[in-house]
Amino acid sequence: MLLGLQRRFFHQAAVMAQSPRKYFAKDSSVAYTDVAGCLSKDALEGIDTPALLVDRAALNHNLALLEKCMAKFPGIMVRPHGKAHKSGQMAQLQAQSHSAFSGICAQKVTEAETFAKLGGVKDVYVSNEIVSRKKLEHLAELASLPEVRIRLCVDNADNVRDISSIAASANVVFGVVIDVDVGQKRCGVSSPSEALQLAELIRSLPGVRFDGIQAYHGLLQHIRVQTDRKEAVSSIAAQAKEVVDVLKAAGIDCEVVTGGGTGTFYLEAETGVYNEVQPGSYIFMDAAYGRDEWNLPISGESWRHSLYVLTTVVSRNEERRLAVTDSGTKAISLDMGPPLVHVSGMQGCSVATFSSGGDEHGLVYMDEGSAVPAVGSVLTLVPGHCDPAVNMYDKMIIVNTDDGTVEDTWPISARGPGH
């Protein structure tokens, strides 16, 4: 069943790539704001495009909605994934906003350092295999800071031995979680017996502490139909439970069973297997998530898009119904499909579609009956995938759409390829 859903996902991705304008010419299932229309003239003139904007009201709404959702699952902790924002200020805000906050996830060492040092988050889980000795030594330095706890993810015995050696030399202890492949065919051990062997090794070595398992499947986040996502999560939860049961039979308890993302966290939370979930994109809600079907545990409530790229029209062609913007592939991510386009004063996002015009240019095609924006007009894009979009910018501009002002600017301190 899970394999069939994965094949359907990849088929869908192929169709989208072949005919992006046809597939994506529709509105989002997630509410959005006419950010450019809300900002005052002074505020707009003070922002040089392309620029990354965060609607503070929508951000606060999403933080509050996750808090309401998690209240439905007492005893389940939330460890937001910081790879979506790479910002110390955002990590701090998440820590303050969630009562079931257990810490934060990082995917790269630079993210872990940013969250611990600039965000003040003392419990950081690097949910990605780190094998470089230089990186591990850097993490050991981080773990030696007062009250900082670093947890690592592993699927290889030699990596565990290296982590143990480095930790023991630095007189620190790393928490260690075993990554279990539950169908993504990426990282992770392939069987409960492999997990058991690795857990026994971890328990035998100095400088490392066995904390539990990770059972995460990224492709499930964008299975569009809610009932299909739920079926797929049931399948991976059964695999995770099998690993937990094998470990328990050997006398090894799993303190943590972690996984889930924005598209599935509430489904993992209700399985009775997971006790920690890792939503990340929920703070921003990109266009890819806007194409998912949602049935959150809070009746009648939904996410809001909070992340936008502001872009300026630099050329236009009436005959081709085309506006050319200053946001090319250096300014907007296309790996999960094109962004949604909002033209201030027009209803919805379905009046225009976006495609790449190269490194510095975006091509916005207007539907028949919709005016082609004038040169100098400012348009709003909802990124197709928030993580790489954020990674392209040095800062995010926090805007107040209620009074039309720029509220703050937050550096994206961990941006880059990640080290």
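Computed from a predicted structure; not experimentally measured.

A.B. asks: How would you summarise the confidence of the model for the protein if you had to cite specific residues and measurements?
C.D. replies: Interpretation of the predicted coordinates at a detailed level should be avoided for regions scoring low in pLDDT. Across the protein, the average pLDDT comes to 92, with 92% of residues at 70 or higher. Long-range and interchain partners of residues 9-26, a stretch whose pLDDT sits below 50, account for 21 contacts in this model, where long-range means more than four residues apart.

A.B. asks: An account of the sheet that holds strand S3 (residues 104-106) is needed here, citing residue identities and associated values.
C.D. replies: An order of S2-S9-S8-S7-S6-S5-S4-S3 is seen for the 8 strands of this open sheet, with the pairing classed as parallel. The sheet is open, and its two borders are formed by strand S2 (77-78) and S3, each paired with just one other strand. Of the strand pairs in this sheet, strand S6 (residues 174-179) and strand S7 (residues 208-214) are connected by 6 bridges, and their pairing is parallel. By the bridge assignment, Ile 178 is partnered in S7 with Ile 213. The sheet contacts of helix H8 (residues 133-143) involve strand S4 (123-129), strand S5 (149-154) and S6, and relative to S5 the element is tilted by about 150°. On the sheet, helix H9 (residues 157-170) packs against S5, S6 and S7 and is oriented at approximately 160° with respect to S5.

A.B. asks: Can you break down helix H6 (residues 88-97) residue by residue, with the values?
C.D. replies: Those residues of H6 not exposed but buried are Gly 88, Met 90, Ala 91, Leu 93 and Gln 94. Those residues of H6 that are buried are in contact with helix H5 (56-71), S3, helix H7 (109-118), strand S16 (395-400) and strand S17 (405-411). Its side-chain oxygen placed 3.3 Å from the backbone nitrogen of Gln 89, Ser 87 serves as the N-cap of H6.

A.B. asks: Requested: an account of unusual backbone geometry, with residues and values cited.
C.D. replies: Here Thr 49 and Pro 50 are connected by a cis peptide whose omega angle stands at -5°. Its location among the elements puts Pro 50 in the loop between helix H4 (41-45) and strand S1 (51-55). The phi dihedral of Glu 147 is positive, around 70°, even though this residue is not glycine. Here the phi dihedral of Lys 185 falls at roughly 60°; this positive angle occurs in a residue that is not glycine. Topologically, Lys 185 is positioned in the loop between S6 and helix H10 (192-204).

A.B. asks: How would you explain the side chain of Gln 214 if you had to name every residue and give the values?
C.D. replies: Among the secondary structure elements, Gln 214 is positioned in strand S7. By relative accessible area, which is 4% here, Gln 214 ends up buried. Within polar-contact distance, the side chain of Gln 214 engages the side chain of Tyr 125 at 2.8 Å. Within the structure, Gln 214 has its side chain in polar contact with the side chain of Gln 278 (distance 3.3 Å).

A.B. asks: Tell me what's going on with the packing of aromatic side chains, and back it up with residues and numbers.
C.D. replies: Across all of its chains, the model carries 5 aromatic pairs by this definition. Ring geometry for Tyr 282 against Trp 303: centres 6.2 Å apart, planes inclined by 55°, an arrangement best described as tilted. You can see Tyr 282 sitting in the loop between strand S9 (276-277) and helix H13 (287-290) and its partner Trp 303 sitting in the loop between H13 and strand S10 (307-317), a full 21 residues away along the chain. Trp 303 carries the same exposure label as Tyr 282, and that label is buried.

Calculation rules
Residues numbered from 1 in each chain as written. Predicted model: local features only at pLDDT ≥ 70, side-chain atom pairs only at ≥ 80, totals over all residues. Heavy atoms only, no water. pLDDT = per-residue confidence, 0-100. Contact = heavy atoms within 4.5 Å. Pairing = 2+ DSSP bridges. Helix = DSSP H or I, 4+ residues; strand = E, 2+ residues; numbered from the N terminus. Axes fitted to C-alpha atoms, helices over the stretch in contact; angles between N-to-C directions. Buried < 20%, exposed > 50% of the residue type's maximum accessible area, 1.4 Å probe, protein only. Polar contact = N/O pair within 3.5 Å; in protein donor to acceptor, adjacent residues only side chain to side chain. Phe/Tyr/Trp six-rings, centres within 6.5 Å; stacked < 30°, edge-to-face > 60°.

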